[in-house]
Structures are given as C-alpha cells and as structure tokens.
Amino acid sequence: MSSHWHHFRVWRGDADGGELVDYPVEVNEGEVVLDIIHRLQQTEAQDLAVRWNCKAGKCGSCSAEINGRPRLMCMTRMSTFADDEVVTVTPLRTFPVIRDLVTDVGFNYVKAREVPSFEPPPGLAPGEYRMQQVDVERSQEFRKCIECYLCQNTCHVVRDHEENKPAFAGPRYLMRVAELEMHPLDVADRRSDVQDDLGLGYCNITKCCTEVCPEHIKITDNALIPMKERVVDRRFDPLVWLGDKIFRRTGS
Amino acid sequence: MTDVAKHMKSETVEQHEYDVVVIGAGGAGLRAAIEARLQGKRTAIISKSLFGKAHTVMAEGGCAAAMGNANPNDSWQVHYRDTMRGGKFLNNWRMAELHAKEAAERVWELETYGALFDRTKDGKISQRNFGGHTYPRLAHVGDRTGLEIIRTLQQKIVSLQQEDFRATGDYESYLRVFQECTITELFTTGSGPGAPEEQRRVAGCFGYFRDDGRFVRFDAPAIVLATGGVGKSYQVTSNSWEYTGDGHALALRAGATLINMEFLQFHPTGMVWPPSVKGILVTESVRGDGGVLRNSDGKRFMFDYIPDVFREQYATSEDEADRWYTDADNNRRPPELLPRDEVARAINSEVKAGRGSPHGGVFLDIASRKSPEEIQKRLPSMYHQFKELADVDITKEPMEVGPTCHYVMGGIEVDPDNGMSVVPGLFAAGECSGGMHGSNRLGGNSLSDLLVFGRRCGLGAAQYVDGLRARPAVAVDDVDAAVDRAMLPFSSATDGGENPFVVHLELQKTMHELVGIIRKADEMEMALKKLADIATRTRTVSVEGHREFNPGWHLALDLRNMLLVSLCVARAAVERQESRGGHTRDDFPAMDADWRHLLLVCSALGEDDVELVRREQVPMRADLFDLFELDELKKYYTGDELGEHRAGSSGQGNGA
C-alpha cells in the first residue's frame, strides 16, 4: 500500500481565539480527510476536538471547511489533493467555535422548533394513509437531508451576518417547510409563517446551498423557488388578501 | 472529613430532576421518550452525540412488519416463525411474539408523525424482500430507512415540545434533550456494602457534557437504557464511535444481568476496500433486490452453503432462484438471502479457500442484474457510497465485500412485556437489550424492535413511576465517587499511564483475532488472558489536557465499558460449546439441541470481572409452539421438549 507525507494545517483554539497549526502527517492510499484528523488524534494531538459518527456520509456530523470549502471530512478523499498541496481544515464559520473543529450548532435546533410540525389529516386512522409514489417523491428528496448544516453555514444571509440570524431560518429549515407543504396528506398552511417568521424573503436564490449539499438535494430549484411561488400565489391573490383583512389569522 | 466538607471540596455538579431519563437518542430511546411524555411524565433524553445523529441513521434496508401490503399471505404468525428460525429458536419467544404482533402498528403510527415510506401501486407502504423473511416485509425509503425513522421520531419530539410550549410557555417543560452528554454511572439505592439486595432501586445517573466537560447528575426513579451496541470493541465494524457498550456496562455495574453475549452478528457484506472504510455496511437490500455473490471464479457459491435446516426453503439452481424474484409463490428463495450468519460464514470460507477478491472479500454483483437506472433508484446511497469512497461505479462493476461486526444479539436481560431489568426502575430497549433476536437477528427486525420495545419501555417506565410511593434518593457519596472515577484518567497521567488510543487498538485486535467470526477454545482462553492484562492497563490509562471536548478523555472512559462487555463476550463464547447463529466454534461446529434451552447470564464482579451462570429458558407457550411443524422443531429441540407439541395433526392452515 502506497503512503506519503502530507502537509496539514488545522485550526486549533476556542471561543477566545486560535491559530492554524502545521502538522506533517502520513497519508495512505484510499484515505479521507477524517482519517488524517484521527491519525493526528492518535499520535501528536490527542486532544484535537472533532465531531464525527458514521464515517460514511450518512449522519452529517463531520462538517468543516477544507481549503475554504464547506465539506464533510469523511467524504473528502485525500486523492483529490495533489501530494504537495497544503490541506487546511477550519471549523464552520457561521457558528460559534467551541474547540478546534467543533462548533456550537444550536442555532439549527432553535430554528427547527420554529417550523410548524406535520399536521395529520383528521379522521384518517393509522394504516389508512394512501399516497402515490410520484407524490411522496417530492418531499422524499428533501428528507434525504442529513442535517450536516453545510447549507446553513454557506448561506450568505447568515454567514458573516450575525444580525440576520433571528429573522432567518436558513435553507435547511425553509426546505423543511417546503417538504411539509408538499407532503400529500399534511393539512396545515405554512405560507405566512415561512415568509413572516422564517425569513424566506431574505433568500435571493444564489444557489450556494445547493452547491455544497453532500446529498445533492436541489434545495434552491426544488424547495426554495417553489415556496416563493406559493407565497406569492397567496399574497397576491385578491380574494385571499381580502379574507386575511376580514378574518385575522388565528393560531399558527 | 464530614460529608459537607467533602462536598465542598468536590467539583460542581449540575443537577436535574426528571420522572424518566432515557439514555440514548436512537430509534429505541426516542420512541421510549415519546411514550413517557405521552404518559404525562417529565422526560429527559440524553444523547452521546448531537440530537438526530444516532447510529439508527445507518440502518439502510428497512423495518420489518407483517402489513401484508406486498403479499397478503403475510401475518404476524409468519413473521414470528421467521424470527424464531433466524434466531435458531434461542429467542425469548414472548419478545418475538410481541414484536411480530405490534410492528405493523408501530410503522403505521410513524406515518401519523409525518414519515414518508416508499409506496405500492395502490398507495400503501411498499415492502421489500430480505434475508430470512418469507414474504416482502420491509417498509423502506430507498436504502436510507434508518434516517427516515430517526428524523421522523426527532420531528415528533419537536412537535410535542411545540405543544408543551403552547401550554406552558416553555418548549422543554416536559421533554428535554441533553445532547453531547455521556453517562458514566447509574445510581441505585441499597448499593452500599451489606445493603440488602431487595432495596436496590434506580435513583439517578451521572455524566459529563462533551463540549465543556462539566459534570451533571440526573435524579430520576426510572431510567431507560437505549445505548445500542458494542461494535467498537472490534477492529472491523459497521458501528460508529458511540457503540462502546455503555448501556451494557452501566447495567452490569448497577447490578443487572446480560444474556446471550456470545452472539455477535457479523454482517456478511461490509466494504473491504479502501482500508479507511473497511467495515462500512453494504445493505442487504442489494441482495434483496437481486444482487448475487460470486467468488473469484465467477461462481455463485451460496448454493454450496445451504444448511440442512433451511434446505426446503431455498432454491438449488440459479434458474429457480432467479424466477423467485418475480414468482415467489412457486419458487424457492435464492440462497444469497439466507440469514446473515450463514452468508457471513460462507464468505469467510470462500476467502479462506483462496477464492476471494483482490482485497480479501468476495464480489457482490448488482451491475449485471439490474439496469443502471433501477440501481440508482433503489440503492441511491450505496451508489453514492461506492462512488465517493471507493471510486467504484456499482452500476458497472461488482462491489468487493466481506464480513463486518454489525450487531450484538446479547444484551440486558429484561421483562419482555415492560422492558424492566432485574434492577427495579432500570429498563432497556433496542440493541442494548437481549433476548428478542436469539442467536441471530434477521435484517429489518432491528428497526421494528426499536419501535416496539422503545414504546413498551416508555410505557413500562411511566407505570413504574406511578406505582412508587417515594422517590429513591441519590447518595452524596455515590456522586463523589462518580466524580473521582471520571477524573481518574487525568490523575493517572502523573503515574505515567498509557495512551487510551493504544489500549483501545489492542482491545480491538484481541477481540477481532481471538473472539471473532470463527472461534476456538485455545484462542479464546488466550483472549481472556489478554483481556486481564488490558483491564490493568485500562485502569491506568491517562490523558493530557483539559475536559473541554477532549477525545482522549472520552475514550478513556468509554474504554472501561468496552472492556467489561468484551469480557462478557469472551467468557460466554468459551462456555457455549456448540455453533449457533452468531456464535461459530471451530472446535464444536454443530448446533446442539442440548444447548438451545440454555442461556448464559453475566453479572459484574467488581470493576472489571464478570461472573457467568447457566440458566434454563422458559419453554415456549403451547399455542406458539404449535405454529411450527413437528418436523422443523425436531431440528432444534430435544426429544423431551417435543412432547408438548400438538403431535399428530398436520397443522394445515398456518400458512407457511
């Protein structure tokens, strides 16, 4: 098995600050960036903090920025770098650093709670649900999401714009709204919530989220744009407008 | 020193009180927590990683439930029989019965939480074929069923929190998730020396938060363990870092018992190349959807490995096997779909005989069997996994696969109906509990197990709390001892202890090489000697630095659990002198009916030793026994045991 030495630079530090630390490290054939981080832990940096679980691109834990690009460390093969190319690994920029490569992703859990949940159709008992494959597939695409938060990290609305965070749920949770809206049996209407409370209007469809999605979900084209269209349909329908004026929305 | 002074001296320990604490946030833990909350209990969920990342996401193939959507002949009785056969009749039959009867309801319930399974033409939940299941039975979403189930349960918890918010103004008033938190001790009453056993009850637990290392205690009269498996004790495994046998070890140290620890499932198809992904799972759905196993001669070798007990149910020619995919009623199943233990042993034999693939596995071929479009549609994440990790296009070339440590059948001994262990207030569900799967688990029976027994444990815990007159109190001394134990790896550093990563690798190597897929008495005796040495080294492993997200410290504490569990596996594996399911003895290659009715029960002796006793199984209830034909039972049972069967009548009308 062939192996070589590679130049790694890993950000080490905590909320108070930190720096890039250089590590020469052995790389073997077939390895991914996460393997190298683990090798550093086992050798010279026992306390190097990193999140990971499945090591197969299914859990979305090991998100980081590799040479500036948001990626899963377990799905970034070392063979994609030239042998003399420096590999720089830094934590996700949009979330506060806890230590080294680990960030506080609590923002996402807060936003998850702001999306009105699935509302089952009344009068349909468990076991009586009937849906066509073609109809469930639209939402199924969004349910492939592994919640790696790379899209949340990349979106320029909140990346370097802390002030937008309270008003903007981010692509992952706007897509969650789309998923529920396209669920064949869900009975709730979230079009006002998504515009007023979750900040769909901030999105100007630059597709950065789609580009970094490791599941290749077409977030912008299949979720965000159709949601914008649905909101517009509702807002600019004169009858709906009149109805909203006369009967104020109750509950949510 | 007075208690007060001692307490002053010790670390600050964050304190919480709950009715029910669920340790583990995979399918079983989340389903248990949902049930406890629905029963009105204040419930905490403790997750070792981030909420929603649990190992359940790795489950690919599906969730077995006899809904009869794909074949109306399916029923709970057929599912029950398949499960018992798969486990070689060593299963806790009551658990297998409850599981077969309730799995369908639990799957349908997920749809009311918003789950979106793949559909049949008439709009019902689609079901796929899997090894050991008579009919297509696995509800699925492509090959990412586990992700769908974890996300659905996670989102149900969020929706319950939203309900609580509307009622109380606080999302976390009834259901709170403590994430990146590891539990290191359980507290019981009556645990001190000389305390009467009958006073022992769960009182709470202790742990630390991974991010900043602060300590936390939960005072709770009921604890549900749902911590999953033990695969990280092995070198080649499909399991994530979380699978360090925490629940198994916590239960042992709290006075509970483990059963069936000799039975480990080596999944037949793990990736074998590249080395960094060795062990990662290749779903059984590849075979369920038509994939076949070939050796280096291109031969479909599984036809040579059909054991006698399964001879009537499996095809003997490629033609018949291929016809089965379209006409299952008139043809027998392809042998690639034998239970996992059989397939894993067959692959092992082919590789040993020199007919393996270049990287020491065999070939799994779907490319020559299905169109590229079909493969990408049915097996999207496998396509993705091989493309991105191994640079192999599975629509064009075969995969290389070999056995990987995947699942532990053994676990905490529990009451089948409510999931309570022998320690009052301590419950267990999912992979960390034992009995349901006997000596070998069928694919698809894990996700359904999580749902059925997760719910039952949540209910059992709630009822147990209702029946208590007073809440057991946590002893201050126990908390101090827990702090000291957790800090030990730092104080050991001054004595020059070893790096935990080094000791861990040694443990993995020992278990892999000496208590692996094929076992021999002398090798296992050697393993026990090595484990005694590793025990000494584990006690003194040392870590550098601080408690903030320090992986060395985390591993040092997990290592203690892995060691205790490995001791149970090795001790039970030496004791059982037969081959059955996930326990294969080179020196005792046959299955022996005199061993079927015996359970090996482990309990802890101090910090790092175990005691093992034999216990008789409770005989199967008559009406369940009668679901099987006498001829089949003869292959598993002793003559004396068969006297209970409805001998004589042919048992028609049971389906088959």
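A brief look at the structure comes next.

We now examine the overall build of chain B. Per the secondary structure count, chain B includes 20 helices and 20 strands. Computed over the C-alpha atoms, the radius of gyration of chain B is 24 Å, within 12% of the 26 Å expected from 2.2 N^0.38 for a compact globule of 656 residues. By its C-alpha atoms, chain B is 80 × 55 × 55 Å across when sized along the principal axes. Across the 656 residues of chain B, 66% fall into the buried class. Put simply, chain B shows about 21,700 Å² of open surface, and 48% of that area lies on carbon and sulfur atoms.

This part covers the overall build of chain A. A count of helices and strands for chain A gives nine helices and seven strands. Seen through its C-alpha atoms, chain A measures out along the principal axes to roughly 70 × 40 × 30 Å. Evaluated residue by residue, chain A yields a buried proportion of 57% over its 252 residues. Sequence-distant contacts in chain A: of pairs separated by 6 or more residues, those separated by 24 or more amount to 63%.

The next point concerns the pattern of salt bridges. For the structure shown, the criterion picks out 88 salt bridges over all chains. Glu147(A) serves as the salt-bridge partner of Arg151(B), at 3.7 Å between the closest nitrogen and oxygen. One end of the pair, Arg151(B), is in helix H5 (residues 145-168); the other, Glu147(A), is in the loop between helix H3 (133-143) and helix H4 (150-154), on a second chain. Of the two residues examined, Arg151(B) and Glu147(A), each falls in the buried class. Glu641(B) is the partner of Arg596(B) in a salt bridge, and the nearest nitrogen-oxygen pair spans 2.8 Å. Placement of Arg596(B) in helix H17 (residues 593-596) and of Glu641(B) in helix H20 (residues 639-642) is noted, with a sequence separation of 45 residues between them. One network of salt bridges, in which partners are shared, links Arg94(B), Glu97(B), Lys101(B), Asp417(B), Arg621(B) and Asp623(B).

Once that is clear, we can look at the environment of Thr540(B). All names here are of chain B. Here Thr540 lies in the loop between helix H15 (521-539) and helix H16 (551-575). In this structure Thr540 comes out as partly exposed when scored by relative accessible area, which is 41%. Through-space distance from the C-alpha of Thr540 to that of Phe490 is 9.6 Å; in sequence the pair is 50 residues apart.

What tends to happen in soluble globular proteins is that the nonpolar side chains get buried as a cluster. By size, the foremost hydrophobic cluster in this structure holds 261 residues, and its most contacted members are Phe8(A), Met73(A) and Phe218(B). Looking at this core element by element, the count peaks at 16 residues for H16(B). Excluding residues that lie within four positions of it along the chain, Phe218(B) makes contacts with His16(B), Tyr18(B), Val21(B), Ala44(B), Ile46(B), Phe178(B), Cys181(B), Ile183(B), Ala203(B), Gly204(B) and Cys205(B). By size, the runner-up hydrophobic cluster in this structure holds seven residues, among which are Phe263(B), Tyr407(B), Met409(B) and Val601(B).

Residues and elements named next belong to chain B. For the bond from Trp273 to Pro274, the omega torsion is -5°, close enough to zero to count as cis. Its location among the elements puts Pro274 in the loop between strand S13 (264-271) and helix H7 (285-288). Positive phi values are uncommon outside glycine, yet Asn260 reaches one of about 60°. Looking at the element boundaries, Asn260 is found in the loop between strand S12 (258-259) and S13. What makes Asn260 buried here is its relative accessible area of 0%.

Next up on the list: the interface of chain B and chain A. If you look at the interface, chain B gives 70 residues, while chain A gives 63 residues. With both chains or domains summed, chain B and chain A bury close to 5,600 Å², and 52% of this area falls on carbon and sulfur atoms. Looking at the side of chain B facing chain A, the largest losses of area belong to Lys53(B), Leu116(B) and Phe549(B), adding up to 12% of the total buried there. Taken together, the connections running from chain B to chain A amount to six salt bridges. At the level of secondary structure, the elements contributing two or more residues to the side of chain B that touches chain A comprise helix H4 (93-112), H5, helix H11 (380-390), helix H14 (500-514) and H16 of chain B. Grouping the amino acids of the side of chain B that touches chain A by side-chain chemistry returns 26 nonpolar, 21 polar and 23 charged.

Moving on, we come to the sheet that holds S12(B). Residue and element names in this part refer to chain B. Read from one edge of the open sheet, four strands run S17-S12-S19-S20, paired in antiparallel fashion. For this open sheet the edge positions go to strand S17 (411-412) and strand S20 (610-616), each flanked by a neighbour on one side alone. Bridge analysis of S12 against S17 gives two bridges, and the strand direction is antiparallel. Along S17, the bridge assignment pairs Leu258 with Ile412. In this fold H16 packs onto S12, strand S19 (598-604) and S20, with an angle of close to 45° to the strand it touches most, S20.

This part takes up the sheet that holds strand S16 (residues 399-408) of chain B. Residue and element names in this part refer to chain B. The strand order S13-S16-S15-S14 describes an open sheet built from four strands, whose pairing is antiparallel. Each of the sheet's edge strands pairs with one partner strand only, and the pair in question is S13 and strand S14 (292-294). Mean inter-strand twist for the sheet, computed between neighbouring axes without regard to direction, equals 45°. Strand direction decides the pairing type here: S13 and S16, joined by six bridges, are antiparallel. Within the sheet, the bridge partner assigned to Gln265 lies in S16 and is Tyr407.

A word on helix H2 (residues 27-38) of chain B. All names here are of chain B. Spanning twelve residues, H2 covers 16 Å between terminal C-alpha atoms, matching the ideal 16 Å at 1.5 Å per step. Burial runs high along H2: eleven of the twelve residues are buried. Burial in H2 covers these residues: Gly27, Ala28, Gly29, Leu30, Arg31, Ala32, Ala33, Ile34, Glu35, Ala36 and Arg37. One or two residues past the end of H2 sits Gly40, with phi positive at roughly 85°.

What follows is about a nonpolar patch on the surface. There is a patch of nonpolar side chains on the surface, built from Trp241(A), Leu242(A) and Ile246(A) and spanning about 330 Å² of accessible area. On the secondary structure map, Leu242(A) appears in helix H9 (residues 238-246).

Residue and element names in this part refer to chain B. For Thr188, the location among the structural elements is in strand S8 (residues 181-189). As for Thr188 and Phe303, which are separated by 115 residues in sequence, their C-alpha atoms are 53 Å apart. Setting aside anything within four residues of it in sequence, one finds Thr188 in contact with Arg200, Arg201, Val202, Ala203, Ala254, Val423 and Asp478.

Moving on: empty space enclosed by the protein. All names here are of chain B. This model, assessed by the stated rule, comprises nine cavities of 30 Å³ or more. Taken as a whole, the largest cavity spans an internal volume of roughly 640 Å³. Lining of the largest cavity is provided by 47 residues; of these, His55, Thr56, Gly228, Tyr243 and Glu431 occupy positions nearest its centre. Those elements giving two or more residues to the lining of the largest cavity turn out to be H2, strand S3 (43-47), S8, helix H6 (246-253), S16 and helix H12 (445-466). Its residues assigned to classes, the lining of the largest cavity shows 18 nonpolar, 21 polar and eight charged.

For Gln133(A), the location among the structural elements is in helix H3. By relative accessible area, which is 18% here, Gln133(A) ends up buried. Once residues within four sequence positions are removed from consideration, Gln133(A) is found in contact with Gln140(A), Asp118(B), Arg119(B) and Lys377(B).

Bringing the packing of aromatic side chains into the picture now. Evaluation of the coordinates by the stated rule reveals 24 aromatic pairs over all chains. On the numbers, 6.0 Å between centres and 80° between planes, the contact of Phe310(B) with Tyr314(B) is edge-to-face. Neither Phe310(B) nor Tyr314(B) differs from the other in exposure class; each is buried. Following the ring pairs from residue to residue traces out a cluster consisting of Trp76(B), Tyr80(B), Phe89(B), Phe625(B), Phe628(B), Tyr636(B) and Tyr637(B). When the ring centre of Phe107(A) is taken as origin, the NZ or CZ atom of Lys165(A), which lies over that ring, is 5.6 Å away. Cation over ring: Lys101(B) sits above Trp76(B), and NZ or CZ is 4.6 Å from the ring centre.

About the criteria used
Residues numbered from 1 in each chain as written. Chains lettered and ligands numbered in written order. Predicted model: local features only at pLDDT ≥ 70, side-chain atom pairs only at ≥ 80, totals over all residues. Heavy atoms only, no water. Helix = DSSP H or I, 4+ residues; strand = E, 2+ residues; numbered from the N terminus. Rg over C-alpha atoms; globule rule 2.2 N^0.38 Å. Buried < 20%, exposed > 50% of the residue type's maximum accessible area, 1.4 Å probe, protein only. Areas by Shrake-Rupley, 256 points an atom, 1.4 Å probe, with all protein chains shown as cover. Contact = heavy atoms within 4.5 Å. Salt bridge = Lys/Arg side-chain N within 4 Å of Asp/Glu carboxyl O. Core = buried A, V, L, I, M, F, W, Y, C linked by side-chain atoms within 4.5 Å. Buried area = accessible area lost by both parts, 1.4 Å probe. Nonpolar A, V, L, I, M, F, W, Y, C, P; charged D, E, K, R; others polar. Pairing = 2+ DSSP bridges. Axes fitted to C-alpha atoms, helices over the stretch in contact; angles between N-to-C directions. Expected span 1.5 Å × (residues − 1). Patch = residues over 30% accessible without salt bridge, like charges linked within 9 Å, V, L, I, M, F, W, Y side chains within 5 Å. 1 Å grid on protein atoms, 1.4 Å probe; cavity = no way out; pocket = protein on both sides within 12 Å on 5 of 7 lines; lining within 4 Å. Points joined across faces, edges and corners; volume = space filled by probe spheres on them. Phe/Tyr/Trp six-rings, centres within 6.5 Å; stacked < 30°, edge-to-face > 60°. Lys NZ or Arg CZ within 6 Å of the ring centre and 35° of its normal.

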